Amino acid sequence: MRTLPPSLLAHQSGARRRPALRVILSRRRAAIALLAFGPPIAMPGTEAPHALALSAAGTPLQAVNDGGALRVRRAWGAWSAPLAALPAGAPVALAAVPGEAVIAFADGAALRTLSSFDDGLTWSAPVTRVTESGAIGALALAGRQSNGNLCAFYTVGTAPPVKRLRRTAGTWAASGTAWTASAAWSTITGLAAVHIPNDYHLIVTGTAPGSGDALAAAHVMGDGTLPANAWFGPAVIARADALGGVAFDRPGAAAANLPVAAFREVRTGPVAETRVMVAQAVTAALAPWSEPVPLAGGAPFGLALAADAAQLVAASPTSRRAAPLGDLLDVSDRLRALRWTLGPAASAGELDLDDRDGRAGAEPLLGPGAGVEVSFGYRSGPGGAPEYGLVLRGTVARAVRRRAGGVQSVRLGVDGPWERLAAYRAPASWAAPAGATRGEAVAWLAARAGLPVTAAADLPPSGAWTTETAAFVIQAGEPALAAALRLLEPTSDAFRAESGLEICGLSPGDPPAALLGEGGHPLLAFEPAARALPAWVRVQGDGRVAEAYRGADLLRDGPALILRRELGASSDPLAAAFAERLLARLRRGPVLARARIPFHAGLQLYDVVTCAHPLAGPAPAAYRVLGMEVDYRAGLAFETRLALGEAG
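Remember, it's a predicted structure, so these values are computed and weren't measured experimentally.

1. A look at the overall build of the protein chain
- Across its full length, the protein chain holds 7 helices and 48 strands.
- Against the compact-globule benchmark of 26 Å for 648 residues, the protein chain has a radius of gyration of 28 Å, which places it among compact chains.
- Relative to its 648 residues, the protein chain shows a buried fraction of 53%.
- For the protein chain, the share of sequence-separated contacts (at least 6 apart) that also reach a separation of at least 24 residues comes to 60%.

Here's what the structure looks like:
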């Protein structure tokens, strides 16, 4: 249960309750930014190696290797006269920090830089920063906004290692330092980098050792959050079988709060195609990534990315497009009614908003794709200030405008995390790597749908997520929801879906979180229902069989064996544990009572509650919350209907 201030706890149980609901629409979908790119805008130029940055003033700056001449343009204007000579086809990189923009480029074996201190109007002469033993093959540059430090990342040819060259307090290092992640790569075809407080995120494309599979992945180099200069990863963004005729190259990177990557996917057969794919990390450090989706075709040298608080820009020398970021729309004063349902596999809502000014017809945030955040509480603070408890997030899936009886409104259907999982279908089969834990598998799966996975603080997960490996495969086209439930079934835990997926450990010893009824939070209605519970299961693994049962229930209700196949049951103790967990899960599923209460701002799915009611018996009865339906109607009702099950 959420911890609430005493004033809110007292107010919500009183007779004169004053609801407070805050509804914010945004350009975020679950953990990731909503990237609603506009149509491409053509620009004069020739496709060639290029780079992009947004200055501190928001000015777009582009650099290009124009057949051996380094040129720049500012604010999508004309290309400059040549600033330097370099080999045709050599890579260029560009980064902006407060007060300075820096271009890095490869001149054979030399890494050279030049700077602008007037928002790209004029540039210094090039300076050689390091000279390697061979020609530099891939290059990236990123800057830290808080102090102006820079770091260049590069390879010599196409083979690892990647080297870093740091500029600290205005001084460049004397030589490049090799990373410690070479074992993850056979060849490297491209690099892109971005600094997100407080670490460097490096996007790498190339091939994996041994298999030769095409690989796009992210590494993190510590710069404050993680130990300085230490390397972590790779976190795989995309992988394609070596025999599939697919290659990845030309990556770009930017920060839309969290890292965003673009890279080319080049297919040679059976149908030749080149397209730019875009994916996002779902947390800041060492994150799994969302499913890459195609943004554009062509782009011989890829799309460079740059972002500030207002927009994410994707550009090549011949075109550009932008996605707005950061917009928020508070529609709290428009809310007429709301209903939100939470359950073991449900997290959807519906909002009815006043639209008398017709804004829904023109405002993108009142349409599909927008993020929704609803904070629930009461005006229980000093002077009637709102205090909130429960917060639910989702994505607008549909918007229905209507006019009836002279009233114009828009009804938003909102999909929560469970519905996002149900909508995501894997574009290709994927198997968890050997030795992957159950937690690693579910984190990867949820991230592909753009969802983070966290551990519940109030109901800590069992060790099944960190100590047990998962023999897990998701088939092409299979909904992620079904796959997530497969990973969950052999555990004693549950998923709570308020913002992302939260793993909750459930135990018969969980203490009651709230008293409903006499002496506690008001209980408006209570309906207990006695019913038979599952009492006999059998789990079959690879050469293993185990059963769990409740003999007294079987004798009373009759035999009804439930069979499950679980490849992870690799030992007799593990098979027996799976069987006991499965039986506990199945017995927890049936609804044994329903209750209606004034909205309780702290109550959450899987909390244990006790109900003091004449129908519950002489003593308060303990139940576990299996479902919640929040119902708000302005001036009329603010209630929650609870589905209650076995507390164990």
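Back to the text.
2. Structural notes on the packing of helix α3 (residues 438–448) against helix α5 (residues 480–488)
- The contact between α3 and α5 brings their axes to 10 Å, and the two run at 165°. Judged by the inter-axis angle, α3 sits roughly antiparallel to α5. Where α3 crosses over α5, the handedness of that crossing is left-handed. Counted together, Arg438, Ala441, Val442 and Leu445 of α3 and Ala480, Ala483, Ala484 and Leu487 of α5 form the full contact between these two elements.
- Class assignment for the residues of the contact of α3 with α5 results in 7 nonpolar, no polar and 1 charged.

3. Points about unusual backbone geometry
- Across the junction of Pro160 and Pro161, the peptide omega takes the value 15°, indicating a cis bond.
- Residue Gly233 is joined to Pro234 through a cis peptide bond whose omega torsion reads 10°.
- One can find Pro234 in strand β21 (residues 231–240).
- Non-glycine residue Ala75 carries a positive phi angle of around 55°.

4. Some points on the pairing of strand β38 (residues 493–496)
- Residue alternation in β38 divides its side chains into two sets, Asp493 and Phe495 and Ala494 and Arg496, and both sets are buried.
- Hairpin geometry of β38 and strand β39 (residues 501–505) is characterised by an intervening segment of 4 residues between the two adjacent antiparallel strands.

5. Some thoughts on α3
- Burial runs high along α3: 9 of the 11 residues are buried.
- Restricting attention to buried positions, one finds in α3 the residues Arg438, Gly439, Ala441, Val442, Trp444, Leu445, Ala446, Ala447 and Arg448.
- Looking at the residues trailing α3, positive phi occurs at Gly450, about 85°.

6. Side note on the pattern of salt bridges
- As enumerated under the stated definition, the model contains 42 salt bridges in all.
- Arg334 is the salt-bridge partner of Asp355, the closest N and O atoms lying 3.9 Å from each other. Of this pair, Asp355 sits in the loop between β31 (346–354) and β32 (371–378) while Arg334 is found in the loop between β29 (328–330) and β30 (335–343), placing the two residues 21 residues apart along the sequence.
- Under the relative-accessibility criterion, Asp355 is labelled buried at 0%.
- Note on Arg334: relative accessible area 13%, which makes it buried.
- For the salt bridge of Glu468 with Arg438, the shortest nitrogen-to-oxygen distance reads 3.3 Å. With Glu468 in the loop between α4 (464–467) and β37 (473–474) and Arg438 in helix α3, this pair connects stretches of sequence that are 30 residues apart.

About the thresholds
- Residues numbered from 1 in each chain as written.
- Predicted model: local features only at pLDDT ≥ 70, side-chain atom pairs only at ≥ 80, totals over all residues.
- Heavy atoms only, no water.
- Helix = DSSP H or I, 4+ residues; strand = E, 2+ residues; numbered from the N terminus.
- Rg over C-alpha atoms; globule rule 2.2 N^0.38 Å.
- Buried < 20%, exposed > 50% of the residue type's maximum accessible area, 1.4 Å probe, protein only.
- Contact = heavy atoms within 4.5 Å.
- Axes fitted to C-alpha atoms, helices over the stretch in contact; angles between N-to-C directions.
- Parallel < 35°, antiparallel > 145°, perpendicular 65-115°, else oblique.
- Left-handed = near helix turned anticlockwise from the far one by under 90°.
- Nonpolar A, V, L, I, M, F, W, Y, C, P; charged D, E, K, R; others polar.
- Pairing = 2+ DSSP bridges.
- Salt bridge = Lys/Arg side-chain N within 4 Å of Asp/Glu carboxyl O.

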